[in-house]
Amino acid sequence: MTTVGARDAVVDGSLGAPPRYVLGLDVGGTKLAAGLVDEAGVVRSFVLEATRAEEGPDRGLERLFELGRRAVAEAGAGWEEVGAVGIGCGGPLDSARGVLLAPPHLPGWTDVAVVELAEHALGLPVALENDATAAAAGEHRYGAGAGSSHMVYLTISTGVGGGIVVDGRLYRGSTGNGGELGHVTVDCRGRVCRGCGRKGCLEAYVSGTSLAVAAAAGDPVATEVWEATVDALVCGLTSIVNLFEPQLVVLGGGVVGGTGEQLLGPVRERVRAEAMGSAGEAKIVVSAFGQHVGVVGAAAIARERAASAGAVAHG
Ligand SMILES: [Zn+2]
């Protein structure tokens, strides 16, 4: 995509000028994504490729940084217009030190100093954040949650991730690994959760795969899986809105967008009926960014981090 007029507003290097763009990078278990994101959260370029996690972190990160360079080139932007880089990845990770600890979706990527490697490769300040927390930041800054002060983001893909905004700020927990909403228990004697090993987590019942059976409506097995999935999602979401009393809940993940009202209709109605008092008033909506949410979220984190570090003004 060509960015019309990009050259007219090149940051002149004056102190405090917000960068025109930040680069968002997203490291998923199956896909790497990169996008150049402007000050309004608009994605000016978006490129994807397979993660191939089994090739190991050195090769994987080399390809991630190359994808980032491609995203800048495809937007028709110059590197002098890019102020920072944000990287979103599944946890556990240490966002303060910029290190991936042992993400289960990236076997063998243990204690990887992603931020240091990225800063060396790309020559810009880099921020690392849990991908679902980053997505929550993106929705809150630019998307479905703009203007809200209390918001919950839940992403449903291979696993279930969450991000929480309380009083207008991201809630990260004491070391940045809080907000694991996929591991809210919906049946304490239920299925074993592959993500954490406990029983009955929301993630053990609700996944992109279980939602995708909606496509096979009419098949009795598919119908049963669909109903069990909706039950678990309603149970988990009701606990979540009772805990946080958010103004809205944003649901992300490709399949959520694909199932639309077939999923949201019954979920909204039942959460409203089952939640306690005003907690049931939470609006339940779909992500504003679809498959771009990872790079928009990473970009939002990069801007937030850069602003709080005093390196740049608020974008
Ligand atoms: Zn779990």
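Residues numbered from 1 in each chain as written. Predicted model: local features only at pLDDT ≥ 70, side-chain atom pairs only at ≥ 80, totals over all residues. Heavy atoms only, no water.

K.L.:
Can you help me understand the coordination of the zinc ion in this one?
P.N.:
Geometrically, a metal with four donors at the corners of a regular tetrahedron has ideal angles of 109.5 degrees, and one with six donors at the corners of a regular octahedron has ideal angles of 90 or 180 degrees. Distances from the zinc ion to its protein donors, His-183 (ND1), Cys-193 (SG), Cys-196 (SG) and Cys-201 (SG), fall at 2.0 to 2.4 Å. Note that the zinc ion binds four donor atoms; their angles at the metal cover 104 to 116°, and the shape is tetrahedral. Between consecutive donors of the zinc ion, the numbers of intervening residues give the motif H-x9-C-x2-C-x4-C. Cys-201 matches Cys-193 in its accessibility class, with the two residues each being buried. (Donors = N, O, S within 2.8 Å, 3.2 Å for Na, K, Ca; no water. Tetrahedral: all angles 85-135°; square planar, octahedral: opposite > 155°, others 65-115°. Buried < 20%, exposed > 50% of the residue type's maximum accessible area, 1.4 Å probe, protein only.)

K.L.:
What exactly am I supposed to notice about the side chain of Asp-38 here?
P.N.:
You can see Asp-38 is positioned in strand E2 (residues 31-38). For Asp-38, a relative accessible area of 8% translates into the label buried. One polar contact links the side chain of Asp-38 to the main-chain amide nitrogen of Ala-40, over a distance of 2.9 Å. Here Arg-44 takes part through its side chain, which lies 2.8 Å from a polar atom of the side chain of Asp-38. (Helix = DSSP H or I, 4+ residues; strand = E, 2+ residues; numbered from the N terminus. Polar contact = N/O pair within 3.5 Å; in protein donor to acceptor, adjacent residues only side chain to side chain.)

K.L.:
Which parts of the structure should I look at to understand the packing of helix H3 (residues 131-142) against helix H9 (residues 293-308)?
P.N.:
Two quantities define a packed helix pair, namely the angle between the helix axes and the distance between the axes. Here H3 crosses H9 at 80°, and the two axes come no closer than 7 Å. The angle between the axes of H3 and H9 places the two elements in the roughly perpendicular class. Across the interface between the two elements, Ala-134, Ala-135, Ala-137, Gly-138, Glu-139, Arg-141 and Tyr-142 from H3 touch Val-293, Val-296, Gly-297, Ala-298, Ala-300, Ile-301, Arg-303 and Glu-304 from H9. (Axes fitted to C-alpha atoms, helices over the stretch in contact; angles between N-to-C directions. Parallel < 35°, antiparallel > 145°, perpendicular 65-115°, else oblique. Contact = heavy atoms within 4.5 Å.)

K.L.:
What is the right way to look at the sheet that holds strand E10 (residues 169-171) in this model?
P.N.:
Within a beta sheet, neighbouring strands are joined by backbone hydrogen bonds and run either parallel or antiparallel to one another. A sheet is described by the order of its strands in space; here five strands give the open sequence E10-E9-E8-E11-E12, paired in mixed fashion. Sheet topology places E10 and strand E12 (283-286) at the edges, where each strand pairs with a single neighbour. Within the sheet, the average angular offset between the axes of one strand and its neighbour, ignoring direction, is 25°. Where strand E9 (residues 160-166) meets E10, three bridges bridge the pair, whose relative direction is antiparallel. Bridging across to E10, Ile-164 finds its partner in Tyr-171. Its contacts with the sheet put helix H6 (residues 220-244) on strand E8 (151-156), E9, strand E11 (248-252) and E12, and the angle it makes with E8 is roughly 155°. (Pairing = 2+ DSSP bridges.)

K.L.:
Where do I start with the pattern of salt bridges in this structure?
P.N.:
Two side chains bearing opposite charge may form a pair once their charged atoms approach each other closely. Tallying each qualifying case throughout the model produces 17 salt bridges. Among the salt bridges present, the one from Arg-97 reaches Asp-94, with a minimum N-O distance of 3.0 Å. Under the relative-accessibility criterion, Asp-94 is labelled buried at 18%. Between Asp-231 and Arg-270 there is a salt bridge, and its shortest N-O distance comes to 2.9 Å. One end of the pair, Asp-231, is in helix H6; the other, Arg-270, is in helix H8 (residues 261-274), and 39 residues separate them in sequence. Overall, Asp-231 belongs to the partly exposed group, its relative accessible area being 40%. Salt bridges here are not isolated pairs; linked through shared partners, they connect Glu-49, Arg-52, Glu-55, Arg-63, Arg-70 and Glu-74. (Salt bridge = Lys/Arg side-chain N within 4 Å of Asp/Glu carboxyl O.)

K.L.:
Sorry if this is basic, but what is going on with unusual backbone geometry here?
P.N.:
Glycine aside, the phi torsion of most residues is negative, and most peptide linkages are trans. Residues Gly-91 and Pro-92 are joined by a peptide bond in cis, for which omega reads 0°. As for its position among the elements, Pro-92 is in the loop between strand E4 (82-89) and strand E5 (93-94). The phi torsion at Asp-111 lies on the positive side, around 50°, for a residue other than glycine. Relative to the elements of secondary structure, Asp-111 occurs in the loop between strand E6 (99-100) and helix H2 (114-122). Judged by its relative accessible area of 54%, Asp-111 is exposed.

K.L.:
Mind showing me how you'd approach the nonpolar core here?
P.N.:
Where a protein is soluble and globular, its nonpolar side chains tend to be buried together. With 34 residues, the main nonpolar core has Leu-154, Val-206, Leu-233, Leu-237, Val-249, Val-267 and Ile-284 as its most contacted residues. Of all the elements in the fold, those that place two or more residues in this core are E8, E9, helix H4 (202-205), H6, E11 and H8. For this core, the element with the highest residue contribution is H6, accounting for eight residues. Excluding its chain neighbours within four sequence positions, the residues that come into contact with Leu-237 are Leu-154, Val-249, Val-267, Val-271 and Ile-284. With 33 residues, the next largest nonpolar core counts Leu-64, Ala-77, Val-126 and Leu-128 among its residues. (Core = buried A, V, L, I, M, F, W, Y, C linked by side-chain atoms within 4.5 Å.)

K.L.:
Help me understand the sheet that holds E4 in this model?
P.N.:
Spatially, five strands are ordered E3-E2-E1-E4-E7 in an open sheet, and the strand pairing comes out mixed. Sheet topology places strand E3 (43-50) and strand E7 (126-130) at the edges, where each strand pairs with a single neighbour. The average angle at which neighbouring strand axes cross in this sheet is 15°, direction not considered. Against the sheet, H2 touches strand E1 (21-27), E4 and E7, its axis set at about 145° to E7. Those strands touched by H3 are E1, E2, E4 and E7, and its axis lies near 105° from that of E7.

K.L.:
It is not clear to me how the environment of Ser-148 should be interpreted in this structure. Could you clarify?
P.N.:
Its place among the elements puts Ser-148 in the loop between H3 and E8. Among the residues examined, Ser-148 registers a relative accessible area of 10% and is labelled buried. Along the primary structure Ser-148 and Gln-247 are separated by 99 residues, whereas in three dimensions their C-alpha atoms are 6.8 Å apart. Ignoring sequence-local partners within four residues, the contact set of Ser-148 consists of His-140, Gln-247 and Leu-248. In this structure the side chain of Ser-148 is engaged in a polar contact, spanning 2.7 Å, whose partner is the backbone oxygen of Gly-145.

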